[in-house]
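# Coordinate inspection notes
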Amino acid sequence: MERIPILRMGNLLLVTIQVDMHDRLAMTLQDDLTERIVRDNAKGVLIDISALDLVDSFIGRMISNTAAMARVLDAQTVVVGMQPAVAITLVELGLTLHGVKTALNVEKGMALLGKTNF
Amino acid sequence: MTTQDYATRISQLIQEHEAEIGAEWVAQLEALTVRSTVVSKEQLRKHCQQFLTAFSNGTRAGELGNIDHRSWDEVRDLLAEISSTRAKGGSTPSETATFIFSLKQPLFKHLNAGFVNDPAALASASWTISSLLDKFGLYTIEVFQRARDQIIVRQQQELLELSTPVVKLWNGILALPLIGTLDSARTQVVMENILQKIVDTGAAIAIIDITGVPTVDTLVAQHLMKTIAAARLMGADCIISGIRPQIAQTIVHLGVNLEDVTTKASLADAFVVALERTGTSIVKKG
């Protein structure tokens, strides 16, 4: 089954979504990510969604939820590279990712995690 | 007598008396038009003369009931030109239509004289010419309206382009000076523009300056908050600047929550904050 890879860098987890998100994939990612945060004792999660240029309400909620779950597991979460169209859709849906940090690209996201955590 | 015969006779009549009809027509027009400033007298005379020539040429073909016919091409082109010039010049529709309708009186006078021995033919010719001129009158109005519509559409587009510039102030700092009332359509454009620019320049801070926004109501505030939320999702911070005292009062009275947003009174203050956040400072020399 298709999965989104989760890479480990020290105590950071790096998730890059490079394919079209569909509902099943998003659910799997949620399971995998929460599992890995606990197993690897990760302190930071970076989710790169720069390749995602289309979201519906479900995927929007999944992104929001995944980020929130990571935060609950005490891992600083940064969502990076959101496209303008995706940002507008999420705002229109009322999903403003409260309490989740955002950055323009992976580089800035890493800098943000590095500054706050380690 | 067939239509073709009428047509030939009318055409002859017009050609023979072209100068007189023209002079009477111009006199009539000048008497009727209240504002003669929009179209100069010379231009009016020129138009009248051109139209009469084209009209008598067109009549000769005998298609008196159908103004879409090929023989009227010249007349229609001329009318279209006259109409659109007038529309751009600011004439009223009735002034433009009067141009055609006032031709009736001088023309009928000469028709009367020409058909004096044949009342039946006169009645029929008058009716044909009258309905023909009516059609041309309507045609001018249509062209006039179309020219006006084009002007409006163009202006709307220009306004939309004009109103949403995104300026780069510093490395990583963008400014968006908003001018004029924000409605949904404009906010959409503003939002897309600034988000796209954030992606293009990799800016970390965007300053939205609302000095030029006349009033802020709940809807405008909501639009602003949406833009700020979207920018935040992309990883850029927003600062609102240029809040006038009156607007500050309105915002508080309306109960709009701007607590999560950095707000500054002037663009200069906002710029200083933005520089601080990007780790830059300005030092005065000496």
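Reading the values: rules and limits
- Residues numbered from 1 in each chain as written.
- Chains lettered and ligands numbered in written order.
- Predicted model: local features only at pLDDT ≥ 70, side-chain atom pairs only at ≥ 80, totals over all residues.
- Pairing = 2+ DSSP bridges.
- Helix = DSSP H or I, 4+ residues; strand = E, 2+ residues; numbered from the N terminus.
- Axes fitted to C-alpha atoms, helices over the stretch in contact; angles between N-to-C directions.
- Contact = placed C-beta atoms within 7 Å.
- Expected span 1.5 Å × (residues − 1).
- Buried ≥ 20, exposed ≤ 12 C-beta atoms within 10 Å, placed from the backbone.
- Arc of directions from axis to C-beta.

Residues and elements named next belong to chain A. If you walk across this open sheet you meet the five strands as S1-S2-S3-S4-S5, and the pairing is mixed. Each edge of the open sheet is held by one strand with a lone partner, namely strand S1 (6–9) and strand S5 (101–103). Averaged over all adjacent pairs, the angle separating strand axes in this sheet is 25 degrees, with direction ignored. Sheet analysis places strand S2 (residues 12–16) next to strand S3 (residues 44–48), joined by five bridges and oriented parallel. Following the sheet pairing, Leu-12 is matched in S3 by Gly-44. Running over the sheet, helix H2 (residues 57–72) touches S3 and strand S4 (76–80) and is turned about 155 degrees from S4.

Time to look at helix H4 (residues 73–89) of chain B. All names here are of chain B. With 17 residues, H4 should cover 24 Å at 1.5 Å per step; its first-to-last C-alpha distance of 24 Å lies within 8% of that length. Listed as buried for H4 are Val-75, Leu-79, Ile-82, Ser-83, Arg-86 and Ala-87. One face of H4 carries all of its buried residues, which in axial projection span an arc of 135 degrees. Exposed residues lying more than 90 degrees from the buried face of H4 are Asp-73, Asp-77 and Lys-88. Just downstream of H4 lies Gly-90, where phi reads positive at about 100 degrees.

What follows covers the sheet that holds strand S4 (residues 237–241) of chain B. All names here are of chain B. Read from one edge to the other, the open sheet built from five strands follows the order S1-S2-S3-S4-S5, with strand pairing classed as mixed. This sheet does not close on itself; its edge strands, each paired only once, are strand S1 (167–170) and strand S5 (262–263). The sheet contact formed by strand S2 (residues 173–179) and strand S3 (residues 205–212) spans six bridges and is parallel. Pairing of Ile-173 across the sheet is with Ile-205, part of S3. On top of the sheet, helix H8 (residues 184–201) reaches S1, S2 and S3; it is set at about 165 degrees to S2, its chief contact.

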